[in-house]
Amino acid sequence: MLALSSGISLGCGADRPIGKKSRAWGGNGMSESSSGNLYHATQACTYSGPRRFAGALPKPTAASATAAKSCERWAVATTIFEPSSSLRQIASIPGWCLVVAGDKKTPTTFNLTGAVYLSPADQEAMTFEIGRLLRWNHFGRKNLGFLYAIQHGARWVYDFDDDNLPKRLDAKALPAPFPAFFSEVQTHATTVNLYPRTADYNATWPRGYPLQKITPAERAAPFDVGGQLGSSKVGVLQSLADHEPDVDGFYRLHGKLPFYFPKAGKVLGGHGAALPVGTMMPYNAQATMYAYKALWGLLLPITVHGRVTDIWRAYFTQRLMWDVGLRLAFAPPWVAQHRNPHNILGDFNSEEPLYSQAGALVDELLSWKPTTSTLAGRIEELYIRMYEIDLIGQTDVELTQAWLGDLIAAGYQFPSLQETYSAERTAAQSKAAALKAAAAPPPPRAAVCLSGHHHAAVQTTWPTIKANIVEPLGPNTDVFVSSHSQLNEPLPSWLPACPCMRRAALDPTRPDPT
């Protein structure tokens, strides 16, 4: 195995020769000759490079901490096209500022009134540490737009794509600040798919959802929505998107499009619903609002494809938010997507890591136990772990460290750890289990009917019937006795031994007591 001078061993992520599988992959537990390997999220290599944020955080310089603050609400996009209808509409919304990060393919004539455009030349002149690591012609150019917004006073960041059109253009077009309360999704599952219950077509799922959970039975898995969660506990709010929602290439090759979310308002409780701690669902970079306390989670990895980067970010950020008392929420659509031209088979090919790795990633994140004592330290620690299990490349570890350094230099204040993950997960599981039990139908009961001319005759056969029929049926069994004995005759002492005993009212003159 090759090694870099920094001491980081090769063999993971982007550092591994193309076409080679690392030790994070293994057998499928069945037939190795007739099936393929599976991703197991096991350690494939060891990171031995610097850990810049394992201890106390560095202090920002006075100059960087007082960078110009011109807007509290920023929308951020990247594009390789001329200004789209979506960009023009977002630029016109009152109370919002817009920054667009260009790329080498973006037309040199790009011009959008009311927006800040970061041309390739502008980006190369920026002093952010991440600039030296970002790739051209990659979705990750957006990271410079995020830092620009944070440096210029962002308290809210709307991360969106240039083909998602807002449904209204007034001051309430985008939900920042968040509404006062959200509903809560109540489930004990590790993942939840909100699409089938909220859409007009139920055989669907979001891009990045674990493929092993898209079966009809999994899509029909029940969950409840209720209660209230204060908006201060929501860090990220994702809008569902009408018309062409964000589904993966596998779905696009065979599924119904367009489809819409007419039931989202009713199912999600009007403003939207937050997922419980310990339950995940992927969100994307197409119409997502970040509160200030979650702006650290905007970073897009660059060693994976653009069809993968925002999904990996979503899973990483969800897990880290739990450690600072924040949740992910989903809202009824405030956008409709009219998709830019795509090659669907190309999308399918580029999304292969989502299909093969998302399920194992969820399991890994749920079992992850960080050791550092600050959020910045845990972000670094998580990205190192993701490198070691062959999910991202080593450059993304360096990018994360540079990103954290740039946030500190820009004066960003990280939220404090709250260590609530285990307690909230246990409480959420207990609450979901109680709701499930309350909604469950009563257990079925069995009935055993005994008939005879007299109690004494029935009594003769009772021990055998009790041992061979009643007791194996269990406690939810009713025993009915009918005989020609008069109803006002006292029941014999052996009858209370039955789990439940009732005596039928019969006409004693009838020859057949049954």
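Just above sits the structure.
Predicted model, so just to flag it, every value in this text is computed and none were measured.

**Some remarks on the pattern of salt bridges**
Consideration 1: Following the criterion strictly, the structure yields 19 salt bridges and no others.
Consideration 2: A salt bridge links Glu-129 to Arg-52; its shortest N-O distance comes to 2.8 Å. Of this pair, Glu-129 sits in the loop between α3 (120-125) and α4 (142-151) while Arg-52 sits in the loop between β2 (38-39) and α1 (62-65); the two residues are 77 residues apart in sequence, bridging distant segments of the chain.
Consideration 3: Under the relative-accessibility criterion, Arg-52 is labelled partly exposed at 37%.

**Comments concerning the state of the cysteines**
Consideration 1: In total, this model carries 1 disulfide according to the counting rule given.
Consideration 2: Sulfur-sulfur distance for the disulfide between Cys-71 and Cys-97 comes to 2.4 Å. With the S-S dihedral at roughly 105°, the linkage between Cys-71 and Cys-97 falls on the right-handed side. Linking Cys-71 in the loop between α1 and β3 (73-78) with Cys-97 in strand β4 (residues 97-101), this pair joins segments that are 26 residues apart in sequence.
Consideration 3: Residue classification places Cys-71 among the buried positions, given a relative accessible area of 10%.

**With respect to helix α13 (residues 394-409)**
For the α-helix, the turn length of 3.6 residues means that residues three or four positions removed from each other point alike.
Consideration 1: Compared with the 22 Å implied by 1.5 Å per residue over 16 residues, the 23 Å span of α13 between its first and last C-alpha is a close match.
Consideration 2: Counting buried residues in α13 gives 13 out of 16 residues, a clear majority hidden from the surface.
Consideration 3: Phi turns positive one or two residues past the end of α13, at Gly-411, with a value near 90°.

**Side note on unusual backbone geometry**
A negative phi holds for most residues other than glycine; trans holds for most peptide bonds.
Consideration 1: The omega torsion across Ala-176 and Pro-177 is 0°, close enough to zero to call that bond cis.
Consideration 2: By the element assignment, Pro-177 lies in the loop between β7 (164-166) and β8 (181-186).
Consideration 3: In this chain, Leu-257 is followed by Pro-258 through a cis amide linkage whose omega measures -5°.
Consideration 4: Backbone geometry at Asn-137 places phi at a positive 55°, although glycine is not the residue there.
Consideration 5: Among the structural elements, Asn-137 can be located in the loop between α3 and α4.
Consideration 6: Relative accessible area serves as the criterion here: at 43%, Asn-137 is assigned to the partly exposed category.
Consideration 7: Here the phi dihedral of His-243 falls at roughly 80°; this positive angle occurs in a residue that is not glycine.
Consideration 8: Along the chain, His-243 falls in strand β10 (residues 234-243).

**Focus on the packing of aromatic side chains**
Consideration 1: Under the defined criterion, the tally for this structure stands at 19 aromatic pairs.
Consideration 2: Ring centres of Trp-205 and Phe-250 lie 6.1 Å apart, and the angle between their planes is 35°; on these two criteria the pair is classed as tilted. Linking Trp-205 in the loop between α5 (195-198) and α6 (216-219) with Phe-250 in helix α7 (residues 249-252), this pair joins segments that are 45 residues apart in sequence.
Consideration 3: Since its relative accessible area comes to 32%, Phe-250 is described here as partly exposed.
Consideration 4: These aromatic residues form a ring-pair network of at least three members: Tyr-195, Trp-205, Phe-250, Tyr-251, Phe-259 and Phe-261.
Consideration 5: The ring of Trp-136 carries Lys-104 above its face, with NZ or CZ at 4.7 Å from the centroid.

**Details of the nonpolar core**
Consideration 1: By size, the foremost hydrophobic cluster in this structure holds 103 residues, and its most contacted members are Trp-296, Trp-312 and Phe-414.
Consideration 2: Sort the elements by how many residues they give to this core and helix α9 (residues 306-322) lands first, with 9 residues.
Consideration 3: Sequence-distant contacts of Phe-414, that is, excluding residues within four places in its chain, are made with Leu-57, Trp-296, Leu-375, Ala-376, Ile-379, Leu-404, Leu-407 and Ile-408.
Consideration 4: Among the nonpolar cores identified, the runner-up in size contains 31 residues, and Ile-90, Leu-98, Phe-160 and Ala-287 belong to it.

Thresholds, definitions, all that
- Residues numbered from 1 in each chain as written.
- Predicted model: local features only at pLDDT ≥ 70, side-chain atom pairs only at ≥ 80, totals over all residues.
- Heavy atoms only, no water.
- Salt bridge = Lys/Arg side-chain N within 4 Å of Asp/Glu carboxyl O.
- Helix = DSSP H or I, 4+ residues; strand = E, 2+ residues; numbered from the N terminus.
- Buried < 20%, exposed > 50% of the residue type's maximum accessible area, 1.4 Å probe, protein only.
- Disulfide = S-S within 2.5 Å.
- Expected span 1.5 Å × (residues − 1).
- Phe/Tyr/Trp six-rings, centres within 6.5 Å; stacked < 30°, edge-to-face > 60°.
- Lys NZ or Arg CZ within 6 Å of the ring centre and 35° of its normal.
- Core = buried A, V, L, I, M, F, W, Y, C linked by side-chain atoms within 4.5 Å.
- Contact = heavy atoms within 4.5 Å.

Worth remembering: the numbers are spatial, not functional.
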